[in-house]
Amino acid sequence: MSFLAYITRPHQLKKTSGPTERRVVQNRVESEQDYEKLLSEASMENYLRAIEKFTFYSSVVPITLEQCKVLLGEHEKFVQFRQKQKNDLEMKKSEKTTLLPNEFEPYKAWKDENELQQLVSVIQEAIDRERVRKGDQSAGVFVRVSTISPKDAVMNNPNFAQRITEAEQYVRELERRENICFESDLNRRLYALYIAGTSGMNVNSGEEAVQLLLESDRTRQEFESKVNLVDDKLLNIIVREWSDFDVALEFRGFVHNGRFNALTQYNPYIYFPHLVKQRADIEKLVRNFVDSQILTDEHLRHMGSFVIDVLLVLKPGKTFEDDVTERIEDKYDVKIIELNPLGEMCGACCFSFEDDRDQIYGTGSKQGTFEFRMVEELPPFIREKIETSWGQYL
């Protein structure tokens, strides 16, 4: 049974059989049809109810076909608007330099669209409900669509460069407080860029949410798929509880046939010395969460195979500045960010589906073993591996 079948039929339990002989594991993504099927299965609303007690509070906001069409049109207008700004600014510069977001005027013409103003209103209602639930009228939220987030759009924010500067100050303070060293200015900058890119997803209004959604090329592809669709693709906006966190504490795990086989830090490009120091405790905490809570939960234990992204978040009353010698399990809770079908469409982070297949699937010489990987030294040739759009900030 597929990932989707398991997760949408949580009460249809079945008996499990004993160990069977090893079989060859085929690629799950052999064609475009396979890819589209897995993407459909990865829609968050398909499994949100099943994981609700293990994840961040979330609400689903429907998006209409007409709103998708308008968002697509406004995205094209935004791209043209931004390109014209770039051309005008380059003409004024005496030498060619990188143009940062704070040099651009924000795109505001979309605000005249009635369809998008209606979308602003329903997202704002979801934000207001979340603020009432938390008892915090200033609480922000994280906004995404069913299968993907608009994280690429944060670079368009005029405050993005300032966010990086502030994040670099945080990294320096972290080094001092925990007596660690990030080894190079490039590694510090990458961490700061990661922090700035993530914190930029903290949305405080329906208007900010729509601005992100229409500027993102990632979500553009989803809206385009919905508009041009050959089948009834599920597409909604998911408004999720925001929690401040250390971006280094996001991890990806691989479960095959009900067994947790591998864990990796999510970002494979950054050396986090404070993670390396706490490697054993992090592994123990996450493995205990997956093995004793997820794989024994009545709604989740029969899913079979999946990829699980988790985040360590501060327990109530705890702060990042608390005693650095405090035990990980006393300071952090584990929460699910999202689930995905196990397959090559998911990034393997510090693993490789080609080179580490046996570890990921728990087969061959790796059957019955577990491995936790993290970046333990500065990765070589890192500049060449960074996406061009992000590399301009290095």
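One structure accompanies this document, and this report is about it. (Residues numbered from 1 in each chain as written. Predicted model: local features only at pLDDT ≥ 70, side-chain atom pairs only at ≥ 80, totals over all residues. Heavy atoms only, no water.)

Structural notes on the overall build of the protein
To keep things clear, this is the line we draw: Only runs of H or I of at least four residues qualify as helices and only runs of E of at least two qualify as strands under DSSP, and these elements are numbered from the N terminus. For every residue, the accessible area obtained with a 1.4 Å probe (protein chains only) is divided by the maximum for its type, and the residue is called buried under 20%, exposed over 50%, and partly exposed between those limits. Any pair of residues with heavy atoms lying within 4.5 Å of one another is described as a contacting pair. Using the Shrake-Rupley algorithm and a 1.4 Å probe, accessible areas are obtained, with residue cover drawn only from the displayed protein chains.
Scanning the protein from N- to C-terminus turns up 15 helices and eight strands. Within the protein, buried positions represent 49% of all 394 residues. Once local pairs closer than 6 in sequence are excluded, the contacts in the protein between residues at least 24 apart make up 78%. Here the protein displays about 19900 Å² of accessible surface, and carbon together with sulfur accounts for 46% of that area.

So, helix H5 (residues 114–134)
Defined as follows: Here the expected length of a helix is defined as 1.5 Å per residue gap, with one fewer gap than residues. Summarising the geometry, the arc corresponds to the directions from the helix axis toward the C-beta atoms.
Between the first and last C-alpha of H5 there are 30 Å, a value that for 21 residues agrees with the 30 Å anticipated at 1.5 Å per step. Taken together, the buried positions of H5 are Leu-116, Leu-119, Val-120, Ile-123, Ala-126, Ile-127, Glu-130 and Arg-131. Along the axis of H5, the buried residues cluster in a sector spanning 145°; they form a single face. More than 90 degrees from the buried face of H5, the exposed residues found are Asn-114 and Val-132.

Side note on the sheet that holds strand E6 (residues 306–314)
Let me state the cut-off plainly: Paired strands are those between which DSSP finds at least two bridges. With axes taken as lines fitted to C-alpha atoms, and helix axes fitted only over the stretch in contact, angles between N-to-C directions fall between 0 and 180 degrees.
Strand order in the open sheet formed by five strands is E7-E6-E4-E5-E8, with mixed pairing between adjacent strands. Taken across any chain shown, the strands that pair with only one partner, and hence form the sheet edges, are strand E7 (332–340) and strand E8 (371–373). Ignoring which end each strand starts from, the neighbouring axes of this sheet average 25° apart. Pairing between strand E4 (residues 250–256) and strand E5 (residues 259–265): six bridges, direction antiparallel. The residue of E5 that forms the bridge with His-256 is Arg-259. Contacting E4, E5, E6, E7 and E8, helix H11 (residues 279–294) runs over the sheet at an angle of about 120° to E6.

Side note on the pairing of E4
Among the seven residues in E4, seven count as buried, and that is most of the element. Burial along E4 is two-sided: the residues Glu-250, Arg-252, Phe-254 and His-256 and Phe-251, Gly-253 and Val-255 are all buried. Bridge analysis of E4 against E6 gives six bridges, and the strand direction is antiparallel. From the neighbouring strand, Val-255 faces E6, where its bridge partner is Phe-306. Counted between consecutive antiparallel strands, the loop separating E4 from E5 contains two residues, among which Asn-257 sits at a positive phi close to 50°.

Thoughts on the side chain of Thr-219
Position of Thr-219 among the secondary structure elements: in helix H9 (residues 217–227). The buried category is assigned to Thr-219, whose relative accessible area is 0%. Ignoring any residue separated from it by four or fewer positions in sequence, one finds Thr-219 in contact with Val-145, Ile-148, Ser-149, Pro-150 and Leu-213.

Notes on the state of the cysteines
Disulfide: a covalent bond connecting the sulfur atoms of a pair of cysteines. Put simply, the test is: Disulfides are defined as cysteine sulfur pairs within 2.5 Å.
Here the structure, examined in full by the defined rule, presents zero disulfides. For the unlinked cysteine Cys-350, the closest cysteine sulfur is that of Cys-349, found at 6.6 Å.

Quick look at the packing of helix H4 (residues 65–92) against H5
Here is the rule we go by: By definition in this entry, angles of less than 35 degrees are roughly parallel, angles greater than 145 are roughly antiparallel, angles of 65 to 115 are roughly perpendicular, and the rest are oblique. Crossings are classed by handedness, with left-handed meaning an anticlockwise turn of the near helix from the far one by less than a right angle and right-handed meaning a clockwise turn. Note that Gly is not counted as nonpolar here; it falls among the polar residues with everything else outside the nonpolar set of Ala, Val, Leu, Ile, Met, Phe, Trp, Tyr, Cys and Pro and the charged set of Asp, Glu, Lys and Arg.
Where H4 meets H5, the axes come as close as 9 Å, and the angle between the chain directions of the two elements is 110°. The orientation of H4 relative to H5 falls into the category roughly perpendicular. For the pair H4 and H5, the sense of crossing is left-handed. When H4 is examined against H5, the residues Glu-66, Gln-67, Val-70, Leu-71 and Glu-74 are found in contact with a partner set consisting of Glu-115, Leu-116, Gln-118 and Leu-119. Looking at the contact of H4 with H5 residue by residue, the class counts come to four nonpolar, two polar and three charged.

Notes on the side chain of Glu-45
Note the cut-off: By the counting scheme adopted, Arg and Lys are positive, Glu and Asp are negative, and His together with the chain ends is not counted. Put simply, a salt bridge is a Lys or Arg side-chain nitrogen that is within 4 Å of an Asp or Glu carboxyl oxygen. What qualifies as a polar contact is a pair of N or O atoms within 3.5 Å, subject to a donor-acceptor requirement within protein and to the restriction that residues adjacent in sequence count only when both atoms come from side chains.
One can find Glu-45 in the loop between helix H2 (32–41) and helix H3 (48–51). No salt bridge is formed by the buried Glu-45. Its closest oppositely charged neighbour is Arg-144, at 6.8 Å. Among the polar contacts listed, one links the side chain of Glu-45 to the side chain of Ser-146, at a separation of 2.6 Å. At 2.6 Å, the side chain of Glu-45 forms a polar contact with the side chain of Asn-236. Setting aside chain neighbours within four positions, we find Glu-45 in contact with Val-60, Ser-146, Leu-234, Leu-235, Asn-236 and Ile-238.

Brief notes about the sheet that holds strand E3 (residues 236–241)
Strand order in the open sheet formed by three strands is E1-E3-E2, with antiparallel pairing between adjacent strands. Two strands lie at the open edges of the sheet, namely strand E1 (58–62) and strand E2 (141–145), each paired on one side alone. The average undirected angle you get between the axes of adjacent strands in this sheet is 25°. As defined by bridge partners, E2 adjoins E3 across five bridges and the pair is classed as antiparallel. From the neighbouring strand, Arg-144 faces E3, where its bridge partner is Ile-238. With respect to the sheet, H5 is in contact with E1, E2 and E3, its orientation differing from that of E3 by roughly 25°.

Some words on the environment of Lys-385
Tracing the sequence through the fold places Lys-385 in helix H14 (residues 382–385). For the pair Lys-385 and Tyr-269, spaced 116 residues apart in sequence, the C-alpha separation works out to 8.2 Å. Those residues in contact with Lys-385 that lie beyond four places of it in its chain are Tyr-269 and Pro-380.

Focus: the packing of H5 against helix H8 (residues 206–215)
At a minimum axis distance of 7 Å, the contact between H5 and H8 shows a crossing angle of 125°. By the angle between their directions, the pair H5 and H8 is classed as oblique. Where H5 crosses over H8, the handedness of that crossing is right-handed. Side by side, H5 and H8 meet where Leu-116, Leu-119, Val-120, Ile-123, Gln-124 and Ile-127 of the first sit next to Gly-206, Glu-207, Ala-209, Val-210 and Leu-213 of the second. Of the residues that constitute the contact of H5 with H8, the class distribution is eight nonpolar, two polar and one charged.

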